[in-house]
Amino acid sequence: MNITGAALFVKALKEEQVDTLFAYPGGQAIDLFDALYGENDIRVILPRHEQGLVHAADGYARSTGKVGVCLVTSGPGATNLVTGIATANFDSVPLVCFTGQVPTTLIGNDAFQEVDIVGITRSICKYAVTVRKRDELATIIKKAFFISQTGKPGVVVVDLPKDIQRAYGSDAYPEKIEIRGYKPNVTVHAGQIKKALDALNLAKKPLFLIGGGVMISHAKAEMQKLAETTGVPVITTIMGKGAIPTTHELYIGNIGIHGSYAANTAISKCDLLFSIGTRFNDRITGKVEQFAKHAKIIHVDIDPASISRNIAVDIPIVADAKKAIFALLEKAQTLDTQEWLAKINHWKQQYPLTMKTKGMNPEKIIQEINRAFDNAIIATDVGQNQLWATQFLELGNEKQMLTSGGLGTMGYGFPAAIGAKIGNPSKDVIVISGDGGIQMNIQEMATAVVYELPIIICILNNGYLGNVRQWQEMFFEKRYSSTCMRWRKSCTNNCNTPTTHCPEYTPNFIQLAKSYSAKGIRVTAEEDIASAFKAAKNTLNVPTVIEFIIEPEENVMPIVPPGNALEDMILESEDNGI
């Protein structure tokens, strides 16, 4: 039977078992929306901005394990996806993004709302393609879903010209696809696994470093079993946090620029580093020449291009994290790590990860989240709020954290939480954001309200773009350039001393929440933290904004100064170093 390209698009989504589509209409996508009209099997979610839309699809994908799917129109609709595409692709999130396009006869003529979205996104996604012929549409869509979720997951962009949407052709949709030249590795090299286990068994101070690859391959249970079988302590990147429960006796903490003293010291002193699913980016390595300088390094990663790109390794293993861990478990042995663990625990006790600020501070706020929520998804924004969350959140089998790790995208947290709540309606969903980041996609408050999503939005309001302000304080002689969020035209340009005489903050987040018909609570004292979360938890069908007024010059500590080795940490704001 012959049907339109738009009708085939809808059929393809059903064949791919897509039940949720994050979409914003426009002229060059109107035929696709018309084909979706009245469909009961696909929920069409209408956010308020395309950037919010793609972050929501990202949050949906990360939290459910399904492919996130977007649909927008051409021109600005497509370009508004760019930041979200890069965000998701950097963190290996499977998305398929459909963009409307002008008719093929007008491509290249500077038509109204025409952009070369394939050219724009080619370097920030896994695959991008414009459909040029109606009889290629089904194969291209099938290819898009296959590529996005196989091998190293990522984003695929499919550009759909208007004449292809309207053209008639076969309704056939392929069951399987073979792509010449695209053969993701699905096996584990037994010889490399044996080498890795032999090296592990000889080590006196071994250490597992776990990255986001373990989370992407859904290997948390297997990773915990491997750690318990071997007795080897575990440290994580920000993206790997939660790979084993953070309360587990073998879990040490995060490493990197804001890693814990124990974790950063352990990686500097270990004699074998067994890394699974991390890129060794600059945020976790510090000075490359000093990174794990006493250790033999084993690196498991599904992407061969990631191995020895930043850190030279001794034993490379190209494999999916879950398959590699399964192979390791078959012959893993219990090691004598008691002396090594005792030394690491001494470091933890000597320099615990804690905040010394009296009264209400981010640690106490996050500790209340740990106490109050057992089955939850926590989405963070980017900045100090993210770093405090990655330091103090307790994560385990029933708690998951969503965050922009690779690109570091402000404005990510709130819309990602919306996608997560839509995909996981029975779970509590909490946003941890700063007063700067929350404003980047604040319009999605309307989305949360109209879809009756009781998301809890925690705004840590210090009146600054806090992470940049901290660097300005520590490394730029307190020259607070363009980081004060209370600044008014009447203020001086060189102020670096927040006082009670500063102008009132704009906007008033509580009044803003109420204007959207959401609930708003402001908390200024430690004793009110628990009651605020209790009230939010008991609020059904609408989001709750909890604005926490925190100290304006609160810092994230410890910190590794730029260009330094991980062991050269500044532990407290007044320290000159260790």
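Residues numbered from 1 in each chain as written. Predicted model: local features only at pLDDT ≥ 70, side-chain atom pairs only at ≥ 80, totals over all residues. Heavy atoms only, no water.

Attention shifts here to the overall build of the chain. What the chain contains, in helices and strands, is 22 helices and 20 strands. For the chain, the C-alpha radius of gyration of 25 Å lies close to 25 Å, the compact-globule estimate for 578 residues. On the principal axes, the C-alpha backbone points of the chain span a range of 70 × 65 × 45 Å. The 578 residues of the chain split such that 56% are buried. (Helix = DSSP H or I, 4+ residues; strand = E, 2+ residues; numbered from the N terminus. Rg over C-alpha atoms; globule rule 2.2 N^0.38 Å. Buried < 20%, exposed > 50% of the residue type's maximum accessible area, 1.4 Å probe, protein only.)

Let us now look at the environment of Leu273. Residue position: Leu273 is located in strand β12 (residues 272–276). With 88 residues separating them in the primary sequence, Leu273 and Asn185 have C-alpha atoms 24 Å apart. Residue contacts for Leu273: discarding those within four places in its chain leaves Leu207, Leu209, Ile267, Phe280, Phe291, Ala292, Ala295, Lys296, Ile297 and Ile298. (Contact = heavy atoms within 4.5 Å.)

Across the sheet, which stays open at both edges, the six strands sit in the order β3-β2-β4-β5-β7-β6 with parallel pairing between neighbours. Of all the strands in the sheet, just β3 (43–45) and β6 (127–130) have a single pairing partner and so form its edges. Going from strand to strand, the sheet's axes swing by 20° on average, the running direction of each strand aside. Pairing of strand β5 (residues 95–101) with strand β7 (residues 155–161), which is carried by seven bridges, proceeds in the parallel orientation. Residue pairing for β7: Phe98 is matched across the bridge by Val158. (Pairing = 2+ DSSP bridges. Axes fitted to C-alpha atoms, helices over the stretch in contact; angles between N-to-C directions.)

What follows concerns the side chain of His248. Relative to the helices and strands, His248 is located in the loop between β10 (234–236) and β11 (251–254). At 2.8 Å, the side chain of His248 and the side chain of Glu228 are in polar contact. (Polar contact = N/O pair within 3.5 Å; in protein donor to acceptor, adjacent residues only side chain to side chain.)

Attention shifts here to the pattern of salt bridges. Applying the stated criterion across every chain yields a total of 18 salt bridges. A salt bridge links Glu178 to Lys183; its shortest N-O distance comes to 3.1 Å. Each of Asp31, Lys162 and Arg166 takes part in one network of salt bridges that share partners. (Salt bridge = Lys/Arg side-chain N within 4 Å of Asp/Glu carboxyl O.)

It is worth spelling out helix α3 (residues 50–64) at this point. Taking 1.5 Å per residue as the helical rise, α3 with its 15 residues ought to reach 21 Å, and the 21 Å between its terminal C-alpha atoms agrees with that figure. α3 sits mainly inside the fold: 14 of its 15 residues count as buried. With its phi angle positive at about 85°, Gly65 sits one or two positions after the end of α3. (Expected span 1.5 Å × (residues − 1).)

With that out of the way, let us pick up unusual backbone geometry. In this structure, the amide linkage connecting Thr506 to the following residue, Pro507, adopts the cis form with an omega of 5°. With respect to the helices, strands and loops of the structure, Pro507 is situated in the loop between α20 (466–475) and α21 (509–515). Look at the link from Met557 to Pro558: it is a cis peptide, with omega at 0°. Even without being glycine, Ser92 reaches a positive phi, approximately 60°. The backbone of Glu477 sits at a positive phi, close to 55°, despite the residue not being glycine. When you line up the elements, Glu477 lands in the loop between α20 and α21.

Moving on, we come to the pairing of strand β15 (residues 376–380). Where burial is concerned, most of β15 is hidden: five out of the five residues are buried. Here β15 shows no split at all, with Ala376, Ile378 and Thr380 on one side and Ile377 and Ala379 on the other all buried. Pairing between β15 and strand β16 (residues 399–402): four bridges, direction parallel. Note that in β16 the partner of Ile378 across the bridge is Met401.

Evaluated as defined, the whole model comprises 13 aromatic pairs. Note on Phe208 and Phe274: the rings are 5.4 Å apart at their centroids and 55° apart in plane angle, and the pair reads as tilted. In this pair, Phe208 sits in strand β9 (residues 206–210) while Phe274 sits in strand β12, placing the two residues 66 residues apart along the sequence. Grouping residues by exposure puts Phe208 and Phe274 together as buried. An angle of 55° between the planes, with centres 4.4 Å apart, marks the rings of Tyr261 and Tyr351 as tilted. (Phe/Tyr/Trp six-rings, centres within 6.5 Å; stacked < 30°, edge-to-face > 60°.)

To continue, consider the pairing of β7. The element β7 is extensively covered by neighbouring structure, given that seven of its seven residues are classed as buried. Here β7 shows two buried faces, one formed by Val155, Val157, Asp159 and Pro161 and the other by Val156, Val158 and Leu160. With four bridges connecting them, β6 and β7 associate as parallel partners. Looking across to β7, one finds that Thr130 is bridged to Asp159. With respect to chirality, the unit in which β6 leads through helix α7 (residues 137–149) into the neighbouring parallel β7 is right-handed. (Right-handed = clockwise from strand over helix to strand, strands pointing away.)

Time to look at the sheet that holds β16. The strand order across the open sheet formed by six strands is β16-β15-β17-β18-β20-β19, and the pairing between neighbours is parallel. Strands with a single pairing partner mark the edges of an open sheet, and in this sheet they are β16 and β19 (519–523). Going from strand to strand, the sheet's axes swing by 20° on average, the running direction of each strand aside. The strands touched by helix α17 (residues 384–392) within the sheet are β15, β16, β17 (428–434) and β18 (456–461), with β17 carrying the most contacts at an inclination of about 130°.

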